[in-house]
Amino acid sequence: MTIRPILLWPDPRLSQVCTPAEDDVSVLIDDMFETMYAAPGRGLAAPQLGVMQRIFVMDELWKTGTPTPMVFINPEITAVSNELITNQEGCLSIPGVLLDIARPLEVTLGWTDLDGAVRSQTFGGFAAACVQHELDHLNGKTTFDRLSPAMRSEKLAEYAS
Ligand code: NI
């Protein structure tokens, strides 16, 4: 396993829409976990390593001593709650910045796992925000893109200074 460099915003690859995952991604996924744990973070999307494929990994609980690694290949949102919740979100590609982002409280995702099995699950709490954040990366969106224009300008100026 190899720790790979994480792209930092505004690398243009962070604004590109990713294409479906290729067939042999096991080495990539090993490296994604290694890189995520070293960062340290709880979610990482392939484009953050410059790999423009629709894959992300998440481990919600490892920081509490209970590793729960999950691999999401070609994930799609199939349902969202009407109720929104605002969380402070960080991003490994935007170090040192926490942004208040409103997203659906619950989200149902369909995806393929590392064994090729088709999975579906409804997420709440931290995991709901995390999977939506990582899925945004696959669509070329970062947390800056979830802000109002005025707030985006303000936060970009802070980030640049
Ligand atoms: Ni991120």
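Quick note: structure is the one above.
Numbering of residues starts from 1 in every chain and runs along the sequence as written. Under the rules for a predicted model, residues below a pLDDT of 70 receive no local features and side-chain atom pairs below 80 are neither given nor counted, while totals for whole chains, interfaces and linings still include all residues. Heavy atoms from the whole structure form the basis of all side-chain values; hydrogens and water molecules are not counted.

**Student:** What exactly am I supposed to notice about the pairing of strand β2 (residues 55-59) here?
**Tutor:** Moving residue by residue along a regular strand, the side chains alternate between the two faces of the sheet. Any residue under 20% of the maximum accessible area for its type is buried, any over 50% is exposed, and the rest in between are partly exposed; the area is computed with a 1.4 Å probe on protein chains only. Secondary structure counts use DSSP, requiring at least four H or I residues in a row for a helix and at least two E residues in a row for a strand, with both numbered from the N terminus. Most of β2 is tucked away: five of the five residues are buried. Burial along β2 is two-sided: Ile-55, Val-57 and Asp-59 facing one way and Phe-56 and Met-58 facing the other are all buried. Note: two strands are recorded as paired if DSSP finds a minimum of 2 bridges between them. When strand β1 (residues 43-45) meets β2, the two strands line up antiparallel, connected through three bridges. Within β2, the residue paired with Leu-44 across the bridge is Val-57. In this sheet, strand β3 (residues 69-80) lies alongside β2 in antiparallel orientation, the contact comprising five bridges. Within β3, the residue paired with Ile-55 across the bridge is Ile-73.

**Student:** Quick question: what am I supposed to make of the packing of aromatic side chains here?
**Tutor:** Each aromatic ring pair is characterised by the separation of its centres together with the angle its planes make. Note on aromatic contacts: the rings of Phe and Tyr and the six-membered ring of Trp form a pair at centre separations within 6.5 Å, being stacked when their planes are under 30 degrees apart, edge-to-face when over 60 apart, and tilted otherwise. On inspection of all chains with the given rule, the structure shows nine aromatic pairs. One aromatic cluster in this structure is built from Phe-56, Phe-72, Trp-111 and Phe-123. Comment: the charge-over-ring label is applied if NZ (Lys) or CZ (Arg) is within 6 Å of the ring centre and within 35 degrees of the ring normal. Lying across the ring of Phe-126, Arg-42 places its NZ or CZ 3.7 Å from the centre.

**Student:** Explain the coordination of the nickel ion here, please?
**Tutor:** The textbook angles at a metal center are 109.5 degrees for a tetrahedron of four donors and 90 or 180 degrees for an octahedron of six. Coordinating donors are taken to be N, O and S atoms lying within 2.8 Å of the metal, or within 3.2 Å when the metal is Na, K or Ca; because water is excluded from the atom set, some sites may appear incomplete. At this site the nickel ion is bound by Cys-91 (SG), His-133 (NE2) and His-137 (NE2), with donor distances of 2.1 to 2.2 Å. Mapping the donors of the nickel ion onto the primary sequence yields the spacing C-x41-H-x3-H. Of this pair, Cys-91 sits in the loop between β4 (84-89) and β5 (99-104) while His-133 sits in helix α2 (residues 125-138), and the two are 42 residues apart along the sequence. Each member of the pair, Cys-91 as well as His-133, is classed as buried.

**Student:** Explain the side chain of Gln-48 here, please?
**Tutor:** The residue Gln-48 is located in the loop between β1 and β2 in this model. In this analysis, two residues are considered to be in contact whenever any of their non-hydrogen atoms come within 4.5 Å of each other. Setting aside residues up to four positions removed in sequence, Gln-48 forms contacts with Pro-5, Ile-6, Leu-7, Leu-14, Cys-91, Leu-92, Ser-93, Glu-134 and His-137.

**Student:** It is not clear to me how the nonpolar core should be interpreted in this structure. Could you clarify?
**Tutor:** As a rule of thumb, soluble globular proteins bury nonpolar side chains together. Joining through side-chain atoms within 4.5 Å is the link that ties buried Ala, Val, Leu, Ile, Met, Phe, Trp, Tyr and Cys residues into a set, and such a set is a nonpolar core. Within the largest apolar cluster, 17 residues are counted, with the highest numbers of intra-cluster contacts made by Phe-56, Met-58, Phe-72, Leu-109, Phe-123 and Val-131. Those elements that place two or more of their residues in this core are β2, β3, β6 (107-112) and α2. The element best represented in this core is α2, accounting for six residues. Those residues in contact with Phe-72 that lie beyond four places of it in its chain are Arg-54, Ile-55, Phe-56, Met-58, Leu-109, Trp-111, Thr-112, Phe-123 and Val-131. If you look at the next biggest cluster of nonpolar residues, it comprises 15 residues, including Ala-21, Ile-29, Met-36 and Val-57.

**Student:** What am I meant to see in unusual backbone geometry here?
**Tutor:** Most of the time, phi is negative for any residue but glycine, and the peptide bond is trans. In the segment running from Trp-9 into Pro-10, the intervening peptide bond is cis, with an omega of 10 degrees. Along the chain, Pro-10 turns up in the segment before α1 (26-38). Look at the link from Ala-39 to Pro-40: it is a cis peptide, with omega at -10 degrees. Residue position: Pro-40 is located in the loop between α1 and β1. Phi is positive for Asn-74, which is not a glycine, with a value near 50 degrees.

**Student:** Can you walk me through the environment of Pro-10 in this structure?
**Tutor:** Pro-10 gets classed as exposed once you look at its relative accessible area, which sits at 57%. Placed 83 residues apart in sequence, Pro-10 and Ser-93 show a C-alpha to C-alpha distance of 8.6 Å.

**Student:** So what exactly am I meant to see when it comes to the sheet that holds strand β7 (residues 118-123) here?
**Tutor:** In a beta sheet, neighbouring strands are held together by backbone hydrogen bonds and run either parallel or antiparallel to one another. Pairing is antiparallel in the open sheet, where five strands are placed in the order β1-β2-β3-β6-β7. Only two strands of the sheet have a single neighbouring strand rather than two, namely β1 and β7. Here the average twist between neighbouring strands, direction ignored, is 40 degrees. Taken together, the six bridges between β6 and β7 define a ladder with antiparallel strand orientation. If you follow Val-107 over to β7, its bridge partner there is Phe-123. The axes are straight lines fitted to the C-alpha atoms, using for helices just the contacting stretch, and the angles between their N-to-C directions are given from 0 to 180°. Across the sheet, α1 lies against β1, β2 and β3, angled at about 45 degrees from β2, the strand it touches most. The sheet contacts of α2 involve β1, β2, β3, β6 and β7, and relative to β2 the element is tilted by about 155 degrees.

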